[in-house]
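# Coordinates in review
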Amino acid sequence: MLQEADGRSPRSSRPATNPLLCATATGSVAAPMSATTVRPDLLLRPAQTLAWVLLTAAIVIVYRRIFGVYFLNEDFIWLRVCRFLPGRGLWTLLTHDVMVGRYSWRPLVQVSFAVNQWLGGLNPFGYRFEVLLWQVISAFVLYGIVCRVGDAPRALVAALLFAVHPLQVESLAWTCARGGPISTAFLLLAVLAYLRWRRGGHAVWVAMPFGFAMATQENSVVLF
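Figured I'd write up the structure that's included with this text. (Residues numbered from 1 in each chain as written. Predicted model: local features only at pLDDT ≥ 70, side-chain atom pairs only at ≥ 80, totals over all residues. Heavy atoms only, no water.)

## A look at the nonpolar core
One broad trend across soluble globular proteins is that nonpolar side chains are buried collectively. Our working definition: Throughout, nonpolar core names a set of buried Ala, Val, Leu, Ile, Met, Phe, Trp, Tyr and Cys residues whose side chains join them through atoms within 4.5 Å. Here the term buried applies to any residue with accessible area under 20% of the maximum for its type, exposed to any over 50%, and partly exposed to those in between, with areas from a 1.4 Å probe on protein chains only. Here a helix means four or more residues in a row that DSSP labels H or I, a strand means two or more in a row labelled E, and each is numbered from the N terminus. Any pair of residues with heavy atoms lying within 4.5 Å of one another is described as a contacting pair.
Within the largest apolar cluster, 22 residues are counted, with the highest numbers of intra-cluster contacts made by Ile59, Tyr63, Ile66, Leu132, Tyr143, Ile145 and Leu172. Breaking this core down by element, the ones donating at least two residues are α2 (40-62), α6 (124-149), α7 (152-163), α8 (169-173) and α9 (179-197). The biggest single contributor to this core is α6, with 9 residues. Contacts of Ile66, omitting those with residues within four sequence positions, involve Arg128, Val131, Leu132, Leu172 and Ala173. Counting 14 residues, the second-largest nonpolar core is a separate cluster that includes Trp78, Leu93, Val109 and Tyr127.

## A few points about the environment of Leu161
Its location among the elements puts Leu161 in helix α7. Sequence-wise, Leu161 and Ala139 are 22 residues apart; in three dimensions their C-alpha atoms are separated by 9.3 Å.

## Some words on the side chain of Ser220
With respect to the helices, strands and loops of the structure, Ser220 is situated in the segment after α10 (204-214). Take Ser220: its relative accessible area is 0%, and that puts it in the buried class.

## A few points about α10
What counts is decided by this rule: By definition, the arc is the one covered by directions from the helix axis to the C-beta atoms.
Looking only at α10, the buried set comprises Val206, Pro209, Phe210 and Ala213. Around the axis of α10, the buried residues are gathered within 100 degrees of arc, so they sit on the same side. The inward-facing, buried residues of α10 contact α9.

Structure representation (structure tokens):
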């Protein structure tokens, strides 16, 4: 191989070429992500947080008067029967129909009553707070579902209409009707898990919330 006067080969004497500049000039490679580049999914988080705040505020404002509602009618049967007693613990409420056939067997509703009474006695505040919490969860999950199949503005409108619809009042104000808000939250979680499962998730995350919904209210079978 021929050598130049200074001992270097002709190839080594060529100026260094930046492959990134060449690739960028030809349009074959995108420019690298800088340290200050923000991922697009992170840009959605403030909007999502704002949507959650709006949904929560709407639910609390619209249904604030339910905290002044005392127990009604069949509520007293559930309160008397569905509670923790000696020999009647969590396992009994989950595996036995302590209502002895008065209504359909709803083990998670039985447990819900027992936990409320164990924490706050017969103060209606705790019972109302729980159902509002389930309503908020349902609204959040519905927002997430519509965001996956549509866009954020439509998701917010749909979640708001669902959250404050007048049909929700009875289930939220009548203590023994709490099976509706609880089962709805689990059903929506099952739908969200199904959408994730279609993209490579695990089917067990679909089956679990559906099973919880069935253990709360029997008409949850409509999702099957």
